[in-house]
Amino acid sequence: MITRPTFPRPARGSAGFWLWVGAATGTGLVVLALLVGSIARGALALPAPTPSLIRLALPTDTPVPPTPSPTPDISPTPTPEVIEGAGSGVHLGILVEVVGTGGGGLRLRDAASLAGQVRSLALENEVLRVDNGPIETDGHIWWFLVNPFSPDKQGWGVADFLRPLE
């Protein structure tokens, strides 16, 4: 049979008992101080995570074909009453300036008529090229006009608001 060694225990309330409690408390405080100090120094800190590299594919310089812009379907619709050389100096192939609209602009229509649908608006002092005409309808002389800088802006306009550029 194995016997354990026994240590004499001090009686509760005796001086030895309080000495024993003080030693245990002091040891606990020392261990606690060491632990707090280690944390403050970072000795017990978790290691920083290892950074990982994430590769992202950069966009390439692959050429994208241009998207063709839709061409408006405005075809000249001459009427039987075509007048040669009408207008005040306006004729085919020249550049004209929009004037006298009072800031309202010149309506460019899909047909040489007041009943024609308005396709765009040429602003005061805007420069246009004369591509077709003249046609007399609804008491007006009409010219087919195209903006040379924006070919999709085109239509029939009244000659009363056009001045030839020199």
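Throughout, residues of each chain are indexed from 1 in the direction in which the sequence is written. In view of the model being predicted, local features appear only for residues whose pLDDT reaches at least 70, and side-chain atom pairs are presented and counted only at 80 or more, with totals across whole chains, interfaces and linings using the full set of residues. Hydrogens are left out, water is left out, and the side-chain values use all remaining heavy atoms of the structure.

**Student:** Summarise the packing of aromatic side chains; cite the residues concerned and give the values.
**Tutor:** Only centres within 6.5 Å qualify two rings of Phe, Tyr or Trp (six-membered ring in Trp) as a pair; their planes then separate them into stacked at under 30 degrees, edge-to-face at over 60, and tilted for everything else. Overall, the coordinates contain 1 aromatic pair when judged by the stated rule. With a centroid separation of 5.3 Å and 65° between ring planes, the pair formed by F144 and W156 is classed as edge-to-face. Residue F144 is located in strand 5 (residues 140–146), and its partner W156 is located in strand 6 (residues 154–158); the two are separated by 12 residues in the primary sequence. Of the two residues, F144 and W156, neither departs from the other in class, the shared state being buried. Helical segments are the DSSP runs of H or I of at least four residues, strand segments are the runs of E of at least two, and each set is numbered from the N terminus. Only protein chains enter the area calculation, which uses a 1.4 Å probe; residues under 20% of their type maximum are buried, those over 50% are exposed, and those in between are partly exposed.

**Student:** Can you explain the pairing of strand 1 (residues 95–98)? Please cite residues and give values.
**Tutor:** Relative to strand 4 (residues 127–137), strand 1 runs antiparallel, the two sharing 3 bridges. Within the sheet, the bridge partner assigned to E97 lies in strand 4 and is V127. The pairing of strand 1 with strand 7 (residues 162–164) spans 3 bridges and is classified as antiparallel. Bridge pairing links E97 to R163 in strand 7. One bridge is not enough; two strands pair if DSSP finds at least two bridges between them.

**Student:** An account of the side chain of T137 is needed here, citing residue identities and associated values.
**Tutor:** Inspection of the secondary structure puts T137 in strand 4. A distance of 2.8 Å separates a polar side-chain atom of T137 from the backbone oxygen of A112. Any N or O atom pair separated by 3.5 Å or less is treated as a polar contact, with the protein-specific requirement of one donor-capable and one acceptor-capable atom, and with residues adjacent in sequence counted only for side-chain atom pairs.

**Student:** How would you summarise the nonpolar core if you had to cite specific residues and measurements?
**Tutor:** Soluble globular proteins: nonpolar side chains tend toward being buried together. As used in this record, nonpolar core signifies buried Ala, Val, Leu, Ile, Met, Phe, Trp, Tyr and Cys residues forming a set joined through side-chain atoms within 4.5 Å. The biggest cluster of nonpolar side chains holds 13 residues, and the ones touching the most others in it are V96, L106, L128, V130, W143, L145 and L162. Elements with a contribution of two residues or more to this core: strand 1, strand 2 (106–109), strand 4 and strand 5. Residues within four places of L106 in sequence aside, it is in contact with V98, T101, S120, L121, A122, L145, G157, V158, F161 and L162. In terms of nonpolar packing, the next biggest core, distinct from the first, is built from 7 residues, A112, I135, V146 and W156 among them. Throughout, a contact is declared for two residues whenever any of their heavy atoms are within 4.5 Å.

Structural measurements only, silent on function.
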